[in-house]
Amino acid sequence: MPTETTAMTRVLRTREELRAALADAPRPVGLVTTMGWLHDGHRELMRTARAENATTVATIFVNPRQFNEASDYTKYPRNEAHDLEICHSEGVDLVFAPGVEEIYPDGFDTTVSVGAVAQPLEGAARPGHFDGVATVVAILFGLVGADRAYFGQKDAQQVMVIRQMARDLAIGTEVVTCPTVREPDGLALSSRNVHLSPSERAAATVLRRALIAARTAWADGERSAEAIRATMRDVLATEPLANVEYVSVADGRTLVELDAIDGPALASMAVRFGSTRLIDNESLGDLPGTLPGRQVYGG
Ligand code: AMP
C-alpha cells in the first residue's frame, strides 16, 4: 500500500514504511498511542510530545485484544479522515495507522502479561484487558523506539501497567503521564462519550462530582479510605442513571485498596450509564511520573 501524505504529516500503514520513515527522523522521538476518534485529550498528549521532542509519532489502532466485550470493539467509534486532520493540525510528523494483520500477523503467539498492578480495578473488571494493552504497547514501543511516550492520567492504571512493562522488559522509552482533559462541566473526554444519550450525558457529570467530594474530604484531612469511598458512593447514589461497578481508594504506587491513607493515593471508579462504561480518577497526593500542577478541579 502506498505511503499517504497530508502536508507535513506522513501516514504509514506497514511496519516497513514506519521503519523507513523513522530511520532519518530527528531525535528525540515522542510517541502518542491512540485508538482514534481523537479528541482534546489526545491533542494535549500530542502537544506535550511535540513540545518536548524533535519528531512526534502518533499511532491509530483499535486494538482488538484489549476489548473484553466483542460488542465494545465492533461499536468503538472510528473516523480516520478526521483523526488524520487532527494529527495534522497538531503538527504530528508521522502517523502509524496499521491494519490488524500488520500488528498481529499470521502465527502471532505472544502475550505480555503484567503482574500485580494489572490485577485490581480495571484488571479485575475487564479480564484480559491489560494483557491486550501491554502486548500492543510493547509492539508499538518496539517498532517506534521512541525516547518518550505520552499517556493520559484518565487511564491511571493503564499508565502504571505500561510503566511496569517498559521497566521490566528494558524498553528504553520514558513513560510520561499527562493530566486528564475535561469538558467544561467536568466530564473527562473519552471516545466512548459519543455513545451517551442526552440524559446519560447529563448524568455522567456525577463522576466528577464524586471525585471532587473525595478530593475535598482528603484535603480537609480525612485519611480513612473507607470514609472517602463512602463519600463517593453517596454522591453517585444521587444519580439514578449511574450503575456503579466499583469505587476505589487505593495506594498510588501499587493500587492495593487502602484502609488508612498514608501516602499518595488514587481515588477511582467505573460506572455504567446504560451500555456505556465510563472510568475516571483523582489523585490524592502527587503520583509518581505525573506532570505536576495542571489538574483541573471543578471543571
Ligand atoms: P485511547 O485512544 O482511548 O486509547 O487513548 C489514547 C491515550 O489518550 C491514552 O494514553 C489515554 O489515557 C489518553 N486519553 C484519553 N482520554 C483522555 C483525556 N480525557 N485526557 C487526557 N488523556 C486522555
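In the block above lies the structure referred to throughout.
Predicted model, so just to flag it, every value in this text is computed and none were measured. (Residues numbered from 1 in each chain as written. Predicted model: local features only at pLDDT ≥ 70, side-chain atom pairs only at ≥ 80, totals over all residues. Heavy atoms only, no water.)

A. Looking closely at the packing of helix 7 (residues 129–144) against helix 8 (residues 156–168). One way to put it is that helix 7 packs onto helix 8 with a least axis distance of 10 Å and a crossing angle of 55°. When the axes of helix 7 and helix 8 are compared, the pair comes out oblique. The handedness of the crossing between helix 7 and helix 8 comes out as right-handed. Side by side, helix 7 and helix 8 meet where Phe130, Val133, Ala134, Val137, Ala138 and Phe141 of the first sit next to Gln157, Gln158, Val161, Ile162, Met165 and Ala166 of the second. (Axes fitted to C-alpha atoms, helices over the stretch in contact; angles between N-to-C directions. Helix = DSSP H or I, 4+ residues; strand = E, 2+ residues; numbered from the N terminus. Parallel < 35°, antiparallel > 145°, perpendicular 65-115°, else oblique. Left-handed = near helix turned anticlockwise from the far one by under 90°. Contact = heavy atoms within 4.5 Å.)

B. Quick look at the environment of histidine 88. Inspection of the secondary structure puts histidine 88 in helix 4 (residues 80–89). By relative accessible area, which is 29% here, histidine 88 ends up partly exposed. Through-space distance from the C-alpha of histidine 88 to that of phenylalanine 273 is 33 Å; in sequence the pair is 185 residues apart. (Buried < 20%, exposed > 50% of the residue type's maximum accessible area, 1.4 Å probe, protein only.)

C. How the structure looks around helix 2 (residues 40–52). With 13 residues, helix 2 extends 18 Å from end C-alpha to end C-alpha; this agrees with the ideal 18 Å at 1.5 Å per step. Burial in helix 2 covers these residues: Gly41, His42, Glu44, Leu45, Met46, Thr48 and Ala49. Looking at the buried residues of helix 2, the elements they touch are strand 3 (29–34), strand 4 (55–60), helix 4, strand 6 (148–152) and strand 7 (174–178). (Expected span 1.5 Å × (residues − 1).)

D. A look at the pairing of strand 9 (residues 265–273). The buried fraction of strand 9 is high, at eight of nine residues. Note that strand 8 (residues 243–251) and strand 9 share eight bridges and pair antiparallel. Among the inter-strand pairings, valine 244 is bridged to a residue of strand 9, identified as valine 271. Bridge analysis of strand 9 against strand 10 (residues 276–284) gives nine bridges, and the strand direction is antiparallel. Paired with arginine 272 across the strands is arginine 277, a residue of strand 10. Between strand 9 and strand 10, which follow one another and run antiparallel, lie two residues, and glycine 274 among them has a positive phi close to 60°. (Pairing = 2+ DSSP bridges.)

E. Representation of the pairing of strand 3 within the structure. Burial analysis of strand 3 places six of its six residues in the buried class, the great majority of the element. Neither face of strand 3 is exposed, since Val29, Leu31 and Thr33 on one face and Gly30, Val32 and Thr34 on the opposite face are all buried. In the sheet, strand 3 pairs with strand 4 via six bridges, with the strands oriented parallel. What sits directly across from valine 32, in strand 4, is alanine 58. What joins strand 3 to strand 4 is helix 2, and the crossover it makes is right-handed. By the bridge criterion, three bridges tie strand 3 to strand 6 in an arrangement that is parallel. The residue of strand 6 that forms the bridge with glycine 30 is arginine 148. (Right-handed = clockwise from strand over helix to strand, strands pointing away.)

F. Fine view of empty space enclosed by the protein. In this structure the tally under the stated criterion is one cavity of 30 Å³ or more. In terms of lining residues, the largest cavity is bounded by Lys154, Leu187, Ala188, Ser190, Asn193, Leu207, Leu278 and Ile279. Class assignment of the residues belonging to the lining of the largest cavity gives a composition of five nonpolar, two polar and one charged. (1 Å grid on protein atoms, 1.4 Å probe; cavity = no way out; pocket = protein on both sides within 12 Å on 5 of 7 lines; lining within 4 Å. Points joined across faces, edges and corners; volume = space filled by probe spheres on them. Nonpolar A, V, L, I, M, F, W, Y, C, P; charged D, E, K, R; others polar.)

G. Inspection of the site of the ligand at higher detail. Within the structure, the ligand sits among 17 residues, and Met35, His42, Asp155, Val181 and Leu189 are positioned closest to it. Within the backbone of glycine 152, a nitrogen or oxygen atom sits 3.0 Å from an oxygen atom of the ligand. In this structure, a nitrogen atom belonging to the ligand sits 2.8 Å away from a main-chain N or O atom of valine 181. At the level of elements, strand 3, helix 2 and strand 6 are the ones that each hand at least two residues to the shell around the ligand. Here the residues of the shell around the ligand sort into seven nonpolar, eight polar and two charged. (Near = heavy atom within 4 Å. Polar contact = N/O pair within 3.5 Å; in protein donor to acceptor, adjacent residues only side chain to side chain.)

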